[in-house]
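Listed below are the residues making up each chain.
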Amino acid sequence: MNFYDSDRMTDLLKPHGYQLDDNEDDADLIVLNTCHIREKAVEKTYSELGRIRDKINARKEKNGKRSIVAVAGCVAQAQGKEIIKRSPWVDIVVGPQSYQNLPELIAKVDPVNKNKNINIDFPTIPKFDQLNAKIEERGPSAFLTIQEGCDKFCTFCVVPYTRGAEYSRPLKSIIDEAHKLIDVGVKEITLLGQNVNAWSSKGLDNQNWGLGKLIDELAKINELKFIRYTTSHPLDMDIELIKCHKDNKKLMPYLHLPVQSGSDKVLKMMNRKHTSKEYLKIIEKVRHYNPEIAISGDFIIGFPGETDKDHISTLSLIKQVNYAQAYSFKYSKRPGTPGSVFLNQVDEDIKNSRLYEVQELLRSQQLSFNKQTINSSIKVLVLKKGKKKHQYIGRSPFNQSVYFSSKNEDLIGSFIDLNITEAFQNSLTGNILSDL
Ligand code: 5AD
Ligand code: SF4
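The model shown is predicted, which means the values in this text are computed figures rather than measured ones. (Residues numbered from 1 in each chain as written. Chains lettered and ligands numbered in written order. Predicted model: local features only at pLDDT ≥ 70, side-chain atom pairs only at ≥ 80, totals over all residues. Heavy atoms only, no water.)

1. Some thoughts on the site of ligand 2
Note the cut-off: Whether a residue is near a molecule or strand depends on its heavy atoms: if one lies within 4 Å, it is near. Side-chain classes are defined by residue name, with Ala, Val, Leu, Ile, Met, Phe, Trp, Tyr, Cys and Pro counting as nonpolar, Asp, Glu, Lys and Arg as charged, and the others, Gly among them, as polar.
Neighbouring ligand 2 are C150, K152, F153, C154, F156, C157, V159, P160, N195, H233 and R272. Class assignment of the residues belonging to the shell around ligand 2 gives a composition of 7 nonpolar, 2 polar and 2 charged.

2. Observations regarding the sheet that holds strand β5 (residues 141-145)
Strand pairing in a sheet relies on backbone hydrogen bonds, with the paired strands running either antiparallel or parallel. Short version of the rule: In this analysis, strands are considered paired if DSSP registers two or more bridges between them. Under the DSSP-based scheme used, a helix requires at least four consecutive residues in state H or I and a strand at least two consecutive residues in state E, with every element numbered from the N terminus. Simply put, an axis is a line fit to the C-alpha atoms, just over the touching stretch for a helix, and the angle between two N-to-C directions goes from 0 to 180 degrees.
Spatial strand order, β5-β8-β11: 3 strands in an open sheet with parallel pairing. Edge positions in the open sheet fall to β5 and β11 (226-230), since each of these has one partner strand only. On average, each strand axis in the sheet is inclined to that of its neighbour by 25°, with strand direction left out of account.

3. Comments concerning the sheet that holds strand β4 (residues 117-119)
To be explicit about the condition: Contacts were defined at the residue level, with two residues in contact if any of their heavy atoms lie within 4.5 Å.
Here we have 4 strands laid out as an open sheet, ordered β1-β2-β3-β4, and parallel in their pairing. The two strands at the open ends of the sheet, each matched to only one other strand, are β1 (29-34) and β4. Taking the axes of each pair of neighbouring strands and ignoring which way they run, one obtains an average angle of 10° across the sheet. Across 6 bridges, the pairing between β1 and strand β2 (residues 68-73) is parallel. Counted as the bridge partner of L29 is I68 from β2. Along the sheet, helix α1 (residues 2-13) makes contact with β1 and β2, crossing β1 at roughly 155°. Relative to the sheet, helix α2 (residues 39-63) contacts β1 and β2, its axis offset from that of β1 by approximately 175°.

4. Structural notes on the packing of aromatic side chains
Any aromatic ring pair is given by two values, namely how distant the centres are and how the planes are angled relative to each other. Stated formally: A pair of Phe, Tyr and Trp rings is counted when the ring centres sit within 6.5 Å of each other, with Trp represented by its six-membered ring. The angle between the planes then sorts it: under 30 degrees is stacked, over 60 is edge-to-face, the rest tilted. Relative accessible area decides the class of each residue, using a 1.4 Å probe on protein chains only: under 20% of the type maximum gives buried, over 50% gives exposed, and in between gives partly exposed.
Under the criterion given, the structure shown has 9 aromatic pairs. Ring geometry for F156 versus F303: centroids 6.4 Å apart, planes at 80°, classification edge-to-face. You can see F156 sitting in the loop between β6 (147-148) and α7 (159-162) and its partner F303 sitting in the loop between β13 (294-301) and α13 (308-321), a full 147 residues away along the chain. Note on accessibility: F156 and F303 belong to one class, buried. Taking 6.0 Å as the distance between ring centres and 90° as the angle between the ring planes, the aromatic pair formed by F303 and F342 counts as edge-to-face. You can see F303 sitting in the loop between β13 and α13 and its partner F342 sitting in the loop between β14 (325-330) and α14 (348-371), a full 39 residues away along the chain. Three or more aromatic residues joined by ring pairs make a cluster, and in this case those are F156, F303, Y331 and F342.

5. Brief notes about the site of ligand 1
Our working rule: Definition of a polar contact: a pair of N or O atoms within 3.5 Å, with one able to donate and the other able to accept a hydrogen when the atoms are protein atoms, and with sequence-neighbouring residues admitted only if both atoms are side-chain atoms. Calculation of accessible area relied on Shrake-Rupley with a 1.4 Å probe; when residues are assessed, cover is drawn exclusively from the protein chains displayed.
Near ligand 1 the following residues occur: I37, R38, F156, Q260, D298, I300, F329, K330, Y331, S332 and R334. In this structure, F156 approaches ligand 1 through a main-chain N or O atom, which is 2.9 Å from a nitrogen atom. Between an oxygen atom of ligand 1 and a side-chain N or O atom of Q260, the distance comes to 2.6 Å. Within the complex, 86% of the 400 Å² of free accessible area of ligand 1 lies under protein. Those elements that provide at least two residues to the shell around ligand 1 are β13 and β14. Of the residues contributing to the shell around ligand 1, the split by class is 5 nonpolar, 2 polar and 4 charged.

6. Thoughts on the nonpolar core
So the rule is basically this: Definition of nonpolar core: a set of buried residues of the types Ala, Val, Leu, Ile, Met, Phe, Trp, Tyr and Cys, connected through side-chain atoms within 4.5 Å.
One finds L191, Y229 and Y323 to be the most contacted residues of the largest nonpolar core, which totals 51 residues. For this core, the element with the most residues is helix α8 (residues 171-183), which contributes 6 residues. If you look at the next biggest cluster of nonpolar residues, it comprises 19 residues, including L29, A70, Y99 and F128.

7. A look at the pairing of strand β19 (residues 427-432)
Of the strand pairs in this sheet, strand β17 (residues 401-405) and β19 are connected by 3 bridges, and their pairing is parallel. In the strand pairing of β19, Y403 is matched with T429. Where strand β18 (residues 415-423) lies against β19, 5 bridges are found, and the strand directions are antiparallel. Counted as the bridge partner of N419 is N431 from β19.

8. Things to note about the side chain of T162
In this structure, T162 sits in helix α7. On the accessibility criterion, T162 (3% relative accessible area) is buried. Beyond its immediate sequence surroundings of up to four residues, T162 is in contact with H36, C74, Q77, A78, P96 and F122.

What follows is the structure, given as structure tokens:
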């Protein structure tokens, strides 16, 4: 979602004379868009801010020009003034629900008095209604935020505090944005939301629509070929959406459905509102409708009170699901969340060894999933050039990176049929089937 927000900030600032630069050394404005989900991400913000201070000081010394520094995103939301206290060279602090005000905040920066502008409000008018900037450039694949925030309050998670309450963007605003993306050459859209499958809005027939119906509506756009969505919560995985994975050929056979733990005791402590059995039942149902679907997930290792027995239940759930790919993280205490004050925090060494075991298992499942595709034919969307001569990188329907070669210089944005020849941990290689 931060990638999406960064793109929107870029669009927003273009009419004000700003354009993206790969090099920060001579930038008039540096916007650091930040993540607060785990402690490591927050530490990264402060170390990046130290690096930025050196850059802006060097620029000032070189040509007397002063760069404006803005911190956006969830660290900005959670830390507010504290950021300016710790990093006084920052001019603007702006939260994820108020970045539509960035042009005004920039205009108010006074280079002499160095006044600070902080805006971490949750606005009454949703930011999407104020983000009317033209979309300029996205490449073949783009994100589209359809839902934000969360009302589920898992006890480990900061999202309900930083992104705010659950909000679904109205249908028309989503369809309009999809058309704008298609107009700049986008072929694949990934619908985004912290609880994307909780999306609901009044449909074209005035009935309440869920994500399945939205995907069917978007699929009517001819030039849009691949549709994805992330991230889902098991409680909101309704039958309409599940059936969409069978009936809608533009919806990719990939489902990211975090479970976090395989132990019912831990799930209860996490306030996940589902058991491991209920999760497995959903996976079974999804596979019933689409047997080839790639399943992905998220795991938190070492949540307070997690015992060896709970850890074994997590390994067992992973074995039962057999993931195509999944993310796993050590539990990280987030200030202000209930989990951070639970008394039975798990020892760091134990977390490390459990994480290692989980990741080894997930890695082996991912490699076997990738190997299954050898000798099969896969249609990929070509995303970019690789590092080697004539090399391209595409994305498979199962969300795998696929490398292939072609002397044709003009393939980005095309769909190419490949015969898969080799499979690795994180990628595949293939040969072009169709003669171009
Ligand atoms: N510690 C570790 N991982 C976390 N996540 C969210 N909060 C925490 C935390 N406090 C993980 C969850 C979530 C993913 C986006 O980040 O697995 O699904
Ligand atoms: Fe965080 Fe997702 Fe739980 Fe909401 S459902 S609190 S976003 S982990």
